[in-house]
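# Overview (structure and organization)
Letter by letter, the chains look like this.
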Amino acid sequence: MSTRKPLVLGIDAGGTMTDTFIVDESGGFVVGKAATTPADESIGLIEAAQDASDYWDVPFDDTFRELEVTLYSGTTMLNTLLQRRGKRLGLITTRGIEDDVLMGRGVQTWAGYSYSDRIHAVTHVHPQPLLQRRMVFGVTERVDAAGETVIPLYEDEVRDAVEVLVGDEAEAIVIHFLFSFLNQENEKRAEQIVLEELERHGLRDSVPVYVGSELRPVIRENSRLNAALIEAYAAGWVRGQLQNIESAIQTRGFRYPLQTVLAYGGLCNIRHPRLHETFISGPVGGVMGARYVSQLTGMKNIIVTDLGGTSFDIASITDGYVPVEPEPTLARFKLNLPTIAMESIGNGCGSLVKVDPVTRKFQIGPESAGSDPGPVCFGRGGEQVTVTDCNLVLGYLNPDYFLGGKVRLDVEGAERAVREQLTDVIGIDLHEGAEAVLRLMEREAQAAIRSLASTRGLDTSDYYLFGYGGAGPMHLAGYSAGMDFSGVITFPFAAAFSAFGCTTADYQHRYARTVALAIPNDASDAAKADVCAAINSSWAEMEIQAKEELLREVEGEVRFTPLAMIRYGGQLSDLEHVSRFSRLEGPRDLEGLIDDWEDLYARINSRVAKYEKAGYQIFELGMLVTVEKVKPRQVPHELGSPEPAADARKSSRRMYYRGEWVDASTWEMDLIQPGNRIPGPAIIEHPATTLIVPPQQSVESDEWGFLWLK
Amino acid sequence: MPSYPKDWIRDLVDRKLPWQLTKQMMSEFKDENRFDHYLAVLQERVPWDDAILLPLGEHLFIVQKEGGERVVKCDCGQEFGDYRENWKLEALVYIRDTREKLDEIYPGHRKCDPEWMELREFYCPGCATQLEVEAVTPGYPLIFDFLPDLEVFYRDWLGREL
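Note that residues are indexed from 1 along each chain, following the sequence as it is written. Just so you know, chain letters begin at A and ligand numbers begin at 1, following the order they were written in. Local features are withheld for residues below a pLDDT of 70 in this predicted model, meaning they are given only at 70 or higher, and side-chain atom pairs are given and counted only at 80 or more; totals for whole chains, interfaces and linings count all residues. Side-chain descriptors were evaluated using all non-hydrogen atoms of the structure, hydrogens and water having been removed beforehand.

## Some details on the pairing of strand S1 (residues 51-55) of chain B
For a regular strand, the rule is simple: side chains alternate between the two faces of the sheet. Residue and element names in this part refer to chain B. Here S1 lies mainly inside the structure; four of its five residues are buried. Strands are labelled as partners when DSSP assigns at least two bridges between them. Labels follow the DSSP assignment, with helices taken as runs of H or I lasting at least four residues and strands as runs of E lasting at least two, numbered in each case from the N terminus. Pairing geometry for S1 and strand S2 (residues 60-64), over four bridges, is antiparallel. If you follow Ile 52 over to S2, its bridge partner there is Val 63. In this antiparallel pair of consecutive strands, S1 and S2, the connection spans four residues. For the exposure calls, accessible area comes from a 1.4 Å probe over protein chains only, and a residue counts as buried if that area is under 20% of its type's maximum, exposed if over 50%, partly exposed in between.

Below, the structure is given as structure tokens:
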């Protein structure tokens, strides 16, 4: 019998595999993996959870009964949008901007495209709008850019619009007026009228009404409109899906509501009123995990890389700070939803490999074989060669230990496919060709790291490189080769690092308000006091809303973190800054806030970029509210002998490396102890991942059990 | 190298192929048998039997006659003579070179200045279909749109002799 008591279950349902990560009270963890089941995700995730709990010998029935927190991040939300499975929407908007839903933004015509599609304009096309143009009604009203009502709301036009929308069987109604984030009056009155009319038709309970200024009261009209439409369109369906998952785990004994992950890091109940904030949650988990490791170990600067089946994602942490992307793209729509800034290329281990018929060069991705049918070697009907097939051909993957032996890999099938589709076409040796594919993929991954480093102005030698994701450890040596880092690190739980990251998060909500504050360089104390008052009242307003909403979802002590998005006068974008003042008591506090912000600005953009002369502007204030959640308690271990225990050694296997076959020792990753050092060439196997240690390199386990590639 | 069923190519010609498939085809490498599928689709919808060698426009083709001569032919069956001569010389021409004539299609300020530019419309004498429009300065010679080197195209691109 086991004495393990599962505490937190993190689920990360990716495009290919569903990972689970179960943590117990003392920080011990176990990783499970199963193929994602897009038709009903609860099947795949229960299977993955079972896979994990099997390693602990905890009876599966007890696992869910003992868990305190279960959190889900995945692709359900995104798929709802991509497959246009949402509600039939009606939109009531300011007269004159009815076509915004069709025009959108130019960037939306190619967002998410591969590089070659981006430069071929013939492929550019606007995303299909979430509602039909005839379901959009303009009503006469106008608030100007200063928030003054210049035309009152023509109420009868709202009534007429509702009449038609009801006749057209609208399933949800969105109200979005120009500049309503500055002045809600017209929008709120319109909401009242819409509700009255729906009441009259007996539809008040069945047709939800969404008001733009309540969902996202932040400047930028099109992004704000998209956010409101996406919420109205997809949240209902997605919440239903999440409730399915919740009831699937609750019938297995789980006692609490299901949690999910917000785009800016943090957890929320699946009943969160702005569920669209959870739609971009996939890669966020990994960054939260890296931030947690950074707090734990004191590594302040980190470049995180996640190599999975479908993509290679990169982010950076500088001095513990994770940059925020204020206007990300979701399913080809721009949203003004702050999101952890990530770069991504369509280059993973499930990516299809082809020969360009004109240049006769290999091309990897961006299409992926996914989990079904998957790579050729899965033997599930996949016919096109993937990077995984090349890994198998070269001996990097153990055909009998993939997912701990649950999937037996077909080496001959993979060899035949690589020959037929790649190496025979070009006329080169099988192994030489397969290795060339891997080097090409690693080079593209490295190019993406270099490009992130140069666009964010990072000197990689000051940064630790974290490599995770199911395929991360296998290619870490390859894509870090020739670059200078403080250290190159991977994790025994690399395959479920994103799920691990989710387990380290707290419950969190984020609020934002648009303001228009200017602080000239020579502002008087009186002017500064006015700015302080405006900031304080905005923060206070958000705190009230936050407390009410968050405490409806979880219990505990609420922690407030005020944010200020500050820019130099005349700049076009701002930089988010966490304020150390909860309220600005006077001009000195405001100066302190600005000084802190300027420090951050200088760290990110270099000191010479500071420009105090221009003064400062604030257009947005924010508030992060946090309630702490139980977390895995990682504790450092005593470093043991460099010599691994005898049972960690499995045997040896030939692998093809730089044009020749070398004998690599093979090891069981879970049995490597802190302090152990394994010289290359070595292959360190885990049921869910494989770490390749090339000749001349070695791997060392540190006091946390993290694996350093040296 | 991908390859698509002939039905897809037919739908593509008819503009009925769903956008996602169209986009997928655009993003992929060129399919190997596209030209033959394309010719076959075109051939099955013209009412005559002469073999199409190359399409020249939406309604015009270079075809091989029984006697071996290669001529430009409209899908209605009207012939325009040897493909090495400009077919426009055999077409009906309507020139819009006054404000009144331009106003019929470009009302108000949308039209060009006829002293600087005229529109020449070419029609099929057989079916009166508009085949081509030129926008040129007045007095400019007729444009010879396209003189393909059929032999080289067949040999070097399709890998077979014509």
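## Brief notes about the sheet that holds strand S10 (residues 209-211) of chain A
Residues and elements named next belong to chain A. One open sheet holds the four strands; their spatial order is S6-S5-S9-S10, and the pairing between them is parallel. Looking at the sheet topology across the chains shown, the edges are occupied by strand S6 (136-139) and S10. Strand after strand, the sheet turns through a mean of 20 degrees between neighbouring axes, direction not considered. Contacts are assigned to residue pairs that have any heavy atoms within 4.5 Å of one another. Axes, fitted as lines to C-alpha atoms, cover a helix only where it is in contact. Angles between the N-to-C directions of the axes lie from 0 to 180 degrees. Across the sheet, helix H7 (residues 185-200) lies against strand S5 (89-94), strand S9 (172-176) and S10, angled at about 160 degrees from S9, the strand it touches most.

## Some thoughts on the sheet that holds strand S6 (residues 118-123) of chain B
All names here are of chain B. Spatial ordering of the open sheet is given by S5-S6-S7, a layout of three strands whose pairing is antiparallel. In this open sheet, the two edge strands, each paired with only one partner strand, are strand S5 (92-96) and strand S7 (130-136). Sheet twist, expressed as the mean angle between neighbouring strand axes with direction ignored, is 20 degrees. Pairing geometry for S5 and S6, over five bridges, is antiparallel. Looking across to S6, one finds that Val 93 is bridged to Phe 122.

## Let's talk about the domain arrangement of chain B
All names here are of chain B. Each assigned domain of chain B is listed here: domain 1 (1-45) and domain 2 (46-157). The centre of domain 1, based on its C-alpha atoms, is set 25 Å off from the matching centre of domain 2. Contact residues are listed per partner, giving eight residues for domain 1 and 14 residues for domain 2. Both faces combined, the contact of domain 1 with domain 2 buries some 690 Å², and carbon together with sulfur accounts for 60% of it. One speaks of a salt bridge when a side-chain nitrogen belonging to Lys or Arg is within 4 Å of a carboxyl oxygen belonging to Asp or Glu. Seen at the junction of domain 1 and domain 2, the total is zero salt bridges. Pairs of N or O atoms are called polar contacts if they sit within 3.5 Å, as long as, within protein, a hydrogen donor faces a hydrogen acceptor (for residues adjacent in sequence, only side-chain-to-side-chain pairs). For the interface between domain 1 and domain 2, the tally reads three residue pairs in polar contact (both at pLDDT 80 or more). Residues are sorted three ways: Asp, Glu, Lys and Arg are charged, Ala, Val, Leu, Ile, Met, Phe, Trp, Tyr, Cys and Pro are nonpolar, and all the rest, Gly among them, are polar. Split by residue class, the side of domain 1 that touches domain 2 holds four nonpolar, one polar and three charged. How far each domain reaches was decided by an automatic or database domain assignment. Buried area is a sum: the accessible area each of two parts loses on coming together, probed at 1.4 Å, counted once for each and added.

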